[in-house]
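Listed below, chain by chain, are the residues.
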Amino acid sequence: MARWCYRHRLVVLVLWVGALFGLGAAGTSAGTDYSNVFSLPDTDSKQAYDLMTKAFPQSSGDTDTVVWRSSGDAGSVTDKAVRSRIEPALKEIAGMRGVGEVVGPYNAKNAAQISRDGRTAFAQITFTDQANEVPKDLVQKVVDTAQSAERDGLQVELGGQAITRIQEPPTGVSEVVGIAAAAVVLFLAFGSLFAMLLPIVVAIMGVGSGMMATMLLSHVTNVPEVAPLLGSLIGLGVGIDYALFIVTRHRRGIQRGLEPEESAVRALNTSGRAVLFAGGTVCIALAGMLVMNLRFLDGVVIATSLTVVLSVLAAVTLLPALLGLLGPRVLSRKQRRKLAAAGPDPAEASGPAARWSAYVQKRPRSIAAMALVVMAVLALPVLSLRLGATDQGNNQESTTTRQAYDLLAEGFGPGFNGPLQVVVPGGADTTELVRTIRATDDVAQAAAAPPAGGITVIQVVPKTSPQSVGTDRLIDRLRDDVIPEAGVEAHVGGVTAVFKDFASVTGDRLPYFVGAIIGLGFLLLLIAFRSLVVPLTAALMNLIAAAASFGVLVAVFQWGWGTEFLGIGKEGPITAFLPVIMLSLLFGLSMDYQVFLVSRMHEEWVHTGDNARAVRVGLAETSRVINCAALIMICVFSAFVLSGDMEGAMAGIGLAAAVALDAFILRTALVPAAMHLLGRSNWWLPGWLEGRLPHLAVEPAEPPAAPPTEPIKSAGLIKTAEPMESSSTGGATVVHGFLRTADGAPLAGASVTLVSRGGRQLDRVTSIADGSYIVSVPAPGAYILAVTARGLASRAHHVTVGGGPLVYDVELTDDGADLVN
């Protein structure tokens, strides 16, 4: 497929551009129909909601609030001077097209809309449409009209979901900033404008198609408003990273002497396979959210998974087409001149990455200890984690919604912004229940509305704010003590109760979700790397990364450390659904880095059987691209602080912290240090399990060079390998020969392993007293023969077995292994 896309590049490019513009036209024409469904089955708040919906059908439009407060010499809000400014503004708003009703405080039945001190009042504006469908120009007109009534001593602010829309930054600001930052990192990494553009174009195509498709899907299923934001967040991150992995491999192939087409095909056949595997694990991790059985998360799974799938599809189809358009220009001019003048680069890694890898090998204990201490300190705040919901009280102080929230809290009490509804079905007498509720601690006021349809609703205003722990305790007290003692059936509902139940259900189900995604990751890595220790290490690292990243999240958003610097508003509880989403994304991204790192180590282990060399080479050759990819993701995720959405900012900061810790501390330091300490145990797998596991080639080794036709001098020794002539035509055969030391003495007790090019161990024997060995070969083909002996360096070479036995004598020295005849 990669070769076809490379050769038919214009066709592929036209198809992608046509798909993007087609989805864009359809999405723009259809619009959006996002909906937030937070209610949960089998919860008290859901039963209350169902009863209220039946008795009091909700208005089809969104209800927002105009709040005004008089101060100083302005007098009471009921004074003629204040009314003469407020009432005309409210009347003008009521006459606007798109506004259904305006309920003000200046009549007897609405007197409760004026505070006890007479300084604060509010009016409710009901639009004819839901908040996300109200035109922004209408919302702006309402805000301007209301605030035109302001004067010295009279403050007017507005709150509500529709009002929030005009406070949001222009759509795409965070994405543009993230892409710009990623472009800088890519240019510094590649030194080429064309190479820098490749990952960005691929990511834009994947994310753009995903966003347009999500808009269309919102008409056929429940997709929450935050889903497109999270989809673009993860889509940009993985789209740029996946393209980066492939482009890096392609550039390396050209620099090592391959033709551009062959290099692109090999890059897709190696790193492209890893991208497919990594993208699949991200989607599986996202699908793990379905274990939570929360309807709100279903739309998030759809939006994010769809965007990841399209990003992967762009990486494996559009990218080779773009590589075909660029040809050798994927390298900078300087690199092309160097290639023409000096020839291909050597295969061995060098530079800072190689030096760091060697340092980790020398000091694994101290590096592992330091990394663990850093992660433990960052994880400490997670012990204070409290799930809840954000509201307009968490907005920045400069916004009108935050000012309206604060004015209502000041005039009517902190709990006024989050009243509870106690719903009593069956027409029961609620007099005693109302009296008991009023006498309950932390209740500011309680009043029963006239019954409707045999259902009575008691409005309860807590003394504490909606996000307060005291409000959560009041809800529990009403459910567990007050209502049962009154002897009536009643259910506690309202937005605050719904979010509390949502947080409770999320917390209860979170361990099952974590167990599911950790278990799934263990199974995938077990199959990929034929090891028990590697997936166990990865699972432990995922838990460490999650704890540390949530510690950072608690410190910033719950404790308020650095909120002013970041400009993200007031601290509060962590949004209830965020841990599930973050853990899914963190699991997927961690798997990406783990696969990319360990697959190179595994490739070297299969070739040499030397764990120390495998870990050192794997880290040296992958750490730079992993760190570069992580830096890009950090830029993209951090930019979502500018989204104007608190959940988006939380997800952005949390994921940026998780990626930074995972890439720069875990994968670059702790994982290789631990693998050095574990030694050969890293690759242990019980024999009975080996035969039962399917084989999965995540990133196969590049094809070896053709066998030399003449002796090759290396390290002062001569080595040749020639197969023994045979008349056999196929079937099982053997490789046999003698093992000797440098002085020609037979080498007994050495381990000889025959491995397939896919990494599967086919046979393993120990040389006998005269140094001879014989391993079984299932069929003619190319294999890897690895020889290890205590006190001598290990080495392995590719061997090609024909139709008959192959004689392969091996000489082991302190400097390595040489093949002699």
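Predicted model, so just to flag it, every value in this text is computed and none were measured. (Residues numbered from 1 in each chain as written. Predicted model: local features only at pLDDT ≥ 70, side-chain atom pairs only at ≥ 80, totals over all residues. Heavy atoms only, no water.)

J.: Requested: an account of the side chain of serine 311, with residues and values cited.
T.: The topology assignment puts serine 311 in helix H11 (residues 295-326). Among the polar contacts made by the side chain of serine 311, one reaches the main-chain carbonyl oxygen of threonine 307 at a distance of 2.8 Å. Apart from the residues within four sequence positions on either side, serine 311 is in contact with Val202, Gly206, Val207, Gly235, Val238 and Gly239. (Helix = DSSP H or I, 4+ residues; strand = E, 2+ residues; numbered from the N terminus. Polar contact = N/O pair within 3.5 Å; in protein donor to acceptor, adjacent residues only side chain to side chain. Contact = heavy atoms within 4.5 Å.)

J.: Which residues make up the state of the cysteines, and what values do they have?
T.: This model, assessed by the stated rule, comprises zero disulfides. In this structure cysteine 5 is not part of a disulfide, and its nearest cysteine sulfur, from cysteine 283, lies 19 Å away. Here cysteine 635 stays unpaired: no disulfide links it, and the sulfur of cysteine 628, its closest cysteine neighbor, is 9.6 Å away. Given a relative accessible area of 21%, cysteine 635 falls into the partly exposed group. (Disulfide = S-S within 2.5 Å. Buried < 20%, exposed > 50% of the residue type's maximum accessible area, 1.4 Å probe, protein only.)

J.: Before we move on, could you go through the packing of aromatic side chains and cite the residues and values that matter?
T.: Enumeration according to the criterion identifies seven aromatic pairs in this entry. Their ring planes at 40 degrees and their centres at 6.2 Å tell us that tryptophan 68 and tyrosine 106 sit as a pair that is tilted. In this pair, tryptophan 68 sits in strand E1 (residues 63-70) while tyrosine 106 sits in the loop between strand E2 (99-103) and strand E3 (120-127), placing the two residues 38 residues apart along the sequence. There is no split in this pair, since tryptophan 68 and tyrosine 106 are both buried. A connected cluster of aromatic rings, assembled from ring pairs, spans Phe122, Phe412 and Phe416. Above the ring of phenylalanine 194, the side-chain terminus of arginine 329 is found at 5.6 Å from the ring centroid. (Phe/Tyr/Trp six-rings, centres within 6.5 Å; stacked < 30°, edge-to-face > 60°. Lys NZ or Arg CZ within 6 Å of the ring centre and 35° of its normal.)

J.: Explain the confidence of the model for the protein to me, and be specific about the residues and the numbers.
T.: Considering every residue of the protein, the mean pLDDT works out to 82; 90% of them sit at 70 or more. Counting interchain partners and residues more than four positions distant, the pLDDT-below-50 stretch residues 701-730 has 44 contacts. Here residues 816-821 scores under 50 on pLDDT; set against residues more than four positions off or in separate chains, the count is 27 contacts. (pLDDT = per-residue confidence, 0-100.)

J.: Go over the sheet that holds E2, please, and point to the residues and values.
T.: Strand order across the open sheet formed by four strands is E2-E3-E1-E4, with antiparallel pairing between neighbours. On the outer flanks of this sheet lie E2 and strand E4 (154-159), each paired with one strand and no other. Mean inter-strand twist for the sheet, computed between neighbouring axes without regard to direction, equals 20 degrees. Running at roughly 155 degrees to E2, helix H4 (residues 80-94) makes contact with E1, E2, E3 and E4 of the sheet. The sheet strands contacting helix H15 (residues 400-412) are E1, E3 and E4, and the helix crosses E4 at an angle near 110 degrees. (Pairing = 2+ DSSP bridges. Axes fitted to C-alpha atoms, helices over the stretch in contact; angles between N-to-C directions.)

J.: Give me the packing of helix H9 (residues 226-255) against helix H22 (residues 611-638): which residues, what numbers.
T.: Contact geometry for H9 and H22: axes closest at 9 Å, N-to-C directions at 155 degrees. If you check the angle between H9 and H22, you find them roughly antiparallel. Between H9 and H22 lies a crossing whose hand is right-handed. When H9 is examined against H22, the residues Leu233, Ile234, Leu236, Gly237, Val238, Ile240, Asp241, Leu244, Phe245, Thr248 and Arg252 are found in contact with a partner set consisting of Glu621, Val625, Cys628, Ala629, Ile632, Met633, Val636 and Phe637. (Parallel < 35°, antiparallel > 145°, perpendicular 65-115°, else oblique. Left-handed = near helix turned anticlockwise from the far one by under 90°.)

J.: Explain the nonpolar core residue by residue, including any values.
T.: Counting 161 residues, the largest nonpolar core has Tyr242, Met289, Leu297, Phe557, Tyr593, Ile632 and Phe637 as the members making the most contacts within it. Sort the elements by how many residues they give to this core and helix H23 (residues 646-678) lands first, with 19 residues. Here tyrosine 593 is in contact with Asp241, Phe245, Ile626, Ala629, Ala630, Met633, Val659, Asp662, Ala663 and Arg667, once residues within four sequence places are set aside. Ile114, Leu138, Val139 and Ala146 belong to the second largest nonpolar core, which has 29 residues in total. (Core = buried A, V, L, I, M, F, W, Y, C linked by side-chain atoms within 4.5 Å.)

J.: Mind laying out the environment of glycine 178, listing which residues take part and the relevant values?
T.: Here glycine 178 shows up in helix H7 (residues 173-190). Taking C-alpha positions, glycine 178 is 5.2 Å from alanine 639, a pair spaced 461 residues apart along the chain. Ignoring any residue separated from it by four or fewer positions in sequence, one finds glycine 178 in contact with Cys635, Val636 and Ala639.

J.: Just give me the short version of the pattern of salt bridges, but keep the residues and values in it.
T.: Scanning all chains against the criterion turns up 16 salt bridges. Among the salt bridges present, the one from lysine 46 reaches aspartate 50, with a minimum N-O distance of 2.9 Å. Of this pair, lysine 46 and aspartate 50 are both found in helix H3 (residues 44-55), four residues apart, which corresponds to roughly one turn of the helix. Its salt-bridge partner being aspartate 117, residue arginine 69 comes within 4.0 Å of it at the nearest N-O pair. Of this pair, arginine 69 sits in strand E1 while aspartate 117 is found in the loop between E2 and E3, placing the two residues 48 residues apart along the sequence. One network of salt bridges, in which partners are shared, links Arg3, Arg7, Glu261, Glu262 and Arg266. (Salt bridge = Lys/Arg side-chain N within 4 Å of Asp/Glu carboxyl O.)

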